[in-house]
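# Chains, contacts and geometry: an overview
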Amino acid sequence: MTTSNTDNTGAVASDVRAELARLRESIDNIDAAVVHMVAERFKCTQQVGHLKAAHQLPPADPSREAQQIARLRRLAENANLDPAFAEKLLNFIIAEVIRHHERIAEDAGPRQ
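To start, this report covers the structure provided alongside it. Counting restarts for each chain, with residues numbered from 1 along the sequence as it is written. Only residues with pLDDT of at least 70 are given local features in this predicted model, and only at 80 or more are side-chain atom pairs given and counted; all residues enter the totals for whole chains, interfaces and linings. Side-chain figures throughout are based on the complete set of non-hydrogen atoms in the structure, without hydrogens or water.

## Some points on the environment of Lys 88
Counted only if it meets this: Only DSSP runs of H or I reaching four residues or more are called helices, and only runs of E reaching two or more are called strands; each is numbered from the N terminus.
Locating Lys 88 in the fold gives a position in helix H3 (residues 83-108). As a C-alpha pair, Lys 88 and Ile 69 span 19 residues in sequence and 9.2 Å in three-dimensional space.

Now the structure itself:
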């Protein structure tokens, strides 16, 4: 016997609506945590940008970026997350970090 998730008027059953609400609340909480974690990450990378600018280091570090991508792919695999998705996400973040570092270096003035 199959059970229907709708009543005879086509309305979604109250238990299904309650479960959707519970899951969506969890998603909202996770989204908020992700935003806060990304903000914390950018606070750290801003400090890196200032340190690089002060010591006239280049904004990008391809070796470090490659290490981080490989590391994140391994973490994604262990978490049953598509490693290609994780890499795309990190590449997006890295591009933004480099842009910030370039701006910090420009604001620091010309190299002597």
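## Section: the pattern of salt bridges
Threshold: When a carboxyl oxygen of Asp or Glu lies within 4 Å of a side-chain nitrogen of Lys or Arg, that pair is called a salt bridge. Throughout, exposure labels follow a simple rule: accessible area from a 1.4 Å probe, protein chains only, divided by the maximum for the residue type, with under 20% read as buried, over 50% as exposed, and the rest as partly exposed.
Taken as a whole, this structure holds four salt bridges when the rule is applied. Glu 40 is the partner of Lys 43 in a salt bridge, and the nearest nitrogen-oxygen pair spans 3.0 Å. Here Lys 43 and its partner Glu 40 are both found in helix H1 (residues 14-54), three residues apart, which amounts to about one turn of the helix. Linking Glu 87 and Arg 73 is a salt bridge whose minimum nitrogen-to-oxygen distance equals 2.6 Å. Of the two residues, Glu 87 sits in helix H3 while Arg 73 sits in helix H2 (residues 62-78), which places them 14 residues apart along the sequence. Classification of Glu 87 by relative accessible area gives partly exposed; the value is 25%. Residue classification places Arg 73 among the partly exposed residues on the basis of a relative accessible area of 28%.

## Digging into the environment of Arg 17
With respect to the element layout, Arg 17 can be found in helix H1. Relative accessible area serves as the criterion here: at 46%, Arg 17 is assigned to the partly exposed category. Residues Arg 17 and Cys 44, 27 residues apart in the sequence, show an inter-C-alpha distance of 41 Å.

## Here we look at H2
Applicable threshold: In this scheme, a helix's expected span is set at 1.5 Å multiplied by one less than its residue total. What the arc measures is the spread of directions leading from the helix axis to the C-beta atoms. Note on contacts: a residue pair qualifies if any of its non-hydrogen atoms lie within 4.5 Å across the two residues.
With 17 residues, H2 extends 24 Å from end C-alpha to end C-alpha; this agrees with the ideal 24 Å at 1.5 Å per step. Turning to H2, its buried residues number three or more, namely Glu 65, Gln 68, Ile 69 and Ala 76. Considered in projection along H2, the buried side chains sweep an arc of 105° and stay on one side of the axis. The elements touched by buried residues of H2 are H3. Just beyond H2, the residue with positive phi is Asn 80, at close to 60°.

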